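Below are the chains, spelled out letter by letter.
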Amino acid sequence: MTEHTVTRVFAKRLFDGEHWLTNQLVTFKGQMIESVESATMSTNGEIEMLDVLVPGFIDVHVNGGGGALFNHTPTIEALERMVAVHAQFGTVAMMPTLISDDYDVMSQAHHAVCQALEQNMAGILGMHYEGPYLNPIRKGVHNESKLRKPTEGTLSTLLNVSRSGKLMVTLAPEQVPEGFIEWLVSEGAIVCIGHSAASYDQARQAVMSGARGFTHLFNAMTPLVSREPGVVGAALQTDLPTWCGLIADGHHVHPASMRVAIAAKGSEHMLLVTDAIQSVGSDEKEMPFLGKRVLRSEGKVTTEDGTLAGSDLDMATAVRNAISLIGRTPAEALQMASLRPAEFLGLEHQFGRIKPGYRASLVALNEDFVVKATWIDGQKVWGSVMA
């Protein structure tokens, strides 16, 4: 698609990121939305007719897809595969996530993401290091031999992705030295708390130091209990602007717990994430995963001892689950998949809304919120023409 290519679509129903509208004609020019206007239903064959059009989904925590796990193949080809597979489920932009690993693997992943950013690869926003500065007590499926304390000199070479893209670092605040979170933030990183045995006070101090996210809320962190609110208690505070990721697959977190969290925090600071591994978009029932064997069954992926190993979730299913399992309105569910992650990343002026001047990264759905077509930066990357 050239810079000046013009595309027009007609949506019977359109969610612009804040409001539902009917009978809207949307014009893309190149990568951007040029206009959104009320119109009568068109019979012009050059205008694609859609049932529902919404802002594309942003996944800030995705480990793989279509048989490719970023840790196993930290290459630009794996990134291309991940983008193509998750586009089928409405994801238009992602933060490819590297699970705790050796520095050479981190370096390869860093190089691949930087290469993708330099090439303006559609769909790649930056890099998410989930570890390795995590607490072994709350390691989850992470390999304990890969967890370690930070070495600033070595790490600094892996942070320059933030110069051209976004950088997230999930860490356990009790595992890093004083001043480390402030330093990461000064380097442009978005710091998230996860896989942590921190106390409430330690987690609150991390937030005061600049941490602004909580990775997969409830999972691999100290719980909220009567006399020690833990990391979960710190996450649900509303006096400071922090965001919580939710894996809404019905396996990682009970729907009642998600409802309570949203009642406390507000949906405006909740992000739907997948934590997807290579099973999404693949037919495999068994697969290798960080030196272990993972089994896929009934919508979840686990190691042989039953430990959850990421998820088998896609963003469109997460949206549907937010409506059916958690009881959110369609508008809230869609925002948790698009506008809220955009705000968390500081990209709310590019993504999360269907308005002139925004990126033409959009998803067509049917009335059951099943993805029918996906556009990334004005280019249709998945789906067929609908009459």
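This text gives an overview of the structure that appears in the document.

Quick notes on the rules
- Residues numbered from 1 in each chain as written.
- Predicted model: local features only at pLDDT ≥ 70, side-chain atom pairs only at ≥ 80, totals over all residues.
- Heavy atoms only, no water.
- Pairing = 2+ DSSP bridges.
- Helix = DSSP H or I, 4+ residues; strand = E, 2+ residues; numbered from the N terminus.
- Expected span 1.5 Å × (residues − 1).
- Buried < 20%, exposed > 50% of the residue type's maximum accessible area, 1.4 Å probe, protein only.
- Contact = heavy atoms within 4.5 Å.
- Core = buried A, V, L, I, M, F, W, Y, C linked by side-chain atoms within 4.5 Å.
- Phe/Tyr/Trp six-rings, centres within 6.5 Å; stacked < 30°, edge-to-face > 60°.

Ordered in space as β5-β8-β9-β10-β11-β12-β13-β14, the eight strands form an open sheet in which the pairing is parallel. Edge positions in the open sheet fall to β5 (57–62) and β14 (270–272), since each of these has one partner strand only. When strand β12 (residues 213–214) meets strand β13 (residues 243–246), the two strands line up parallel, connected through two bridges. Paired with Phe 214 across the strands is Cys 244, a residue of β13.

Moving on, we come to helix α2 (residues 103–118). For α2, built from 16 residues, the straight-helix expectation of 22 Å at 1.5 Å per residue is met to within 8% by its first-to-last C-alpha distance of 22 Å. Regarding α2, the residues found buried are Val 105, Met 106, Ala 109, His 110, Ala 112, Val 113, Cys 114, Ala 116 and Leu 117. Buried residues belonging to α2 abut α1 (76–87), β8 (91–99) and β9 (126–130). Of the residues one or two after α2, Asn 120 is the one with positive phi, at around 55°.

Ranked by internal contacts, the top residues of the largest apolar core, which has 103 residues, are Phe 70, Leu 184 and Leu 345. With eight residues, the top contributor of residues to this core is α2. Residues in contact with Phe 70, not counting those within four places in the same chain, are Asn 63, Thr 75, Ala 78, Leu 79, Met 82, Pro 96, Thr 97, Leu 98, Ala 109, Ala 112, Val 113 and Met 127.

A few words on the packing of aromatic side chains. Summed over the entire model, instances satisfying the criterion amount to five aromatic pairs. Ring geometry for Phe 15 against Trp 20: centres 5.1 Å apart, planes inclined by 45°, an arrangement best described as tilted. We classify Phe 15 as buried; its relative accessible area is 0%. A residue is classified by how much of its surface remains accessible, and Trp 20, at 29% relative accessible area, is partly exposed.

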